[in-house]
Amino acid sequence: MDHPENSEEYKGIKVSSGVVQPDSVNPYFRKHRQRKPKLSASEFVEGILKGDITILSRAVTLIESLRPEHQTIAREVIEKCLPYSGNSVRIGISGVPGAGKSTSIDTFGMHVLKEGGKLAVLAIDPSSERTKGSILGDKTRMERLTAHPNAFIRPSPSAGSLGGVARKTRETIILCEAAGFDKIFVETVGVGQGETAVHSMVDFFLFIQLTGMGDELQGIKRGIMEMADGIVINKADGDNKQNAEIAANLFRNVLHLFPAPKSGWTPQVLTYSGFYGYRIKEVFNMIWSYIDFVKENGFFEHRRNEQAKYWMYESINESLKNDFYNHPEIAERLVDAEKRVLSGKQTSFEAAQDLLDFYQSEKRRF
Ligand code: GDP
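Residues numbered from 1 in each chain as written. Predicted model: local features only at pLDDT ≥ 70, side-chain atom pairs only at ≥ 80, totals over all residues. Heavy atoms only, no water.

*Asks:* Which residues make up the site of the ligand, and what values do they have?
*Replies:* In the vicinity of the ligand, 15 residues are found, and the nearest of them are Gly98, Lys101, Ser102, Thr103 and Asp237. Between the ligand and Gly100, the relevant distance is 3.0 Å, taken from an oxygen atom to a main-chain nitrogen or oxygen of the residue. The separation between an oxygen atom of the ligand and a polar side-chain atom of Thr103 is 2.5 Å. Computed on the free molecule, the ligand has an accessible area of 580 Å², of which 69% lies beneath the protein chains in the complex. (Near = heavy atom within 4 Å. Polar contact = N/O pair within 3.5 Å; in protein donor to acceptor, adjacent residues only side chain to side chain. Areas by Shrake-Rupley, 256 points an atom, 1.4 Å probe, with all protein chains shown as cover.)

Printed below as a string of structure tokens:
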């Protein structure tokens, strides 16, 4: 194309036409982009049983998906993986933010992987909708594990209620076990919500504590102590070593105030340093001793059976609740019912009963 500046007026200046710039987006990109082939439930199961991490991740994504067609496949995959699951030791790890969970999990993980086998790290974080996943920026939080070929790290499912999030993690455990992961860590932020959920899916519940009265009392107050099979005081390094020992003694004394656990095992209190890797062996000696102990006295099996029962009821509750609240007319009627209750025209119980009666009559109609 002739450039205006090539006209006679601009003597001595010559602008060449140059090269036409290509589109910034390659029009063939879409065509060449590799689409992941859709897999059937059996193909998912086959991949999982082979230990294929990519397929395992995709199956977990289906579990987490809210789309009904994904949930249908996910259910089938879980069902088919179930006979291959159960052969792992599941360890719950809880502690307040800053207790050193991620630092410790990285160190713990490297320790157990040294003994062989495969480790999956999962999480339940009821606040994850806000923070977009508890294992926030896992890639940096657990550097060594992330790079380890035998570790699988998956952040908390983010959508839904605590019950829903926990159920998804529980189902992910099944798939991980079917994929050959023989050690599972389930992390939860110790702020009093996720612990019960984690406790209901693990064989050993490890409670990470810090020195400092505030934290210690918090743990006691929230009843987490009763759930703990082991309490560990982190950051027992440098100047903090002695404080950690003092805190450990305090916990040992406090533990005596609680009724003896059903497992017959007396929870132990240890100090360690996740960052410097001190006394990690002792922490795991405690965990493996517990596992041997409860396998011997039958409590291991009993606890897993109780958990299976718990999850059956949880699933029923979750499903009934969703069905009720997702009913379009219930949603409308709830708004009116709330107004009636707030204005004192109806009692809470009457309003609830009216809604339930309506729901049941609707169910009968279809
Ligand atoms: P989380 O919120 O429980 O996951 O805690 P992090 O693992 O992110 O740790 C919180 C802070 O404590 C970080 O600055 C860590 O470097 C530090 N930290 C973790 N473990 C230790 C430890 O064993 N000793 C010391 N001195 N600091 C630690």
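*Asks:* Please provide a residue-by-residue account of the environment of Phe284, values included.
*Replies:* Of note, Phe284 is situated in helix H13 (residues 280-297). Here the alpha-carbon distance between Phe284 and Phe108, two residues 176 residues apart in the chain, equals 8.2 Å. Here Phe284 is in contact with Ile91, Phe108, His111, Val112 and Phe185, once residues within four sequence places are set aside. (Helix = DSSP H or I, 4+ residues; strand = E, 2+ residues; numbered from the N terminus. Contact = heavy atoms within 4.5 Å.)

*Asks:* Could you give an account of helix H2 (residues 41-49), naming the residues involved and the relevant values?
*Replies:* Burial in H2 covers these residues: Ala41, Phe44, Val45, Gly47 and Ile48. Considered in projection along H2, the buried side chains sweep an arc of 165° and stay on one side of the axis. Looking at the buried positions of H2, the neighbouring elements they touch are helix H3 (53-64), helix H4 (68-81) and helix H9 (162-178). In the segment just after H2, Gly51 is the residue with positive phi, at about 85°. (Buried < 20%, exposed > 50% of the residue type's maximum accessible area, 1.4 Å probe, protein only. Arc of directions from axis to C-beta.)

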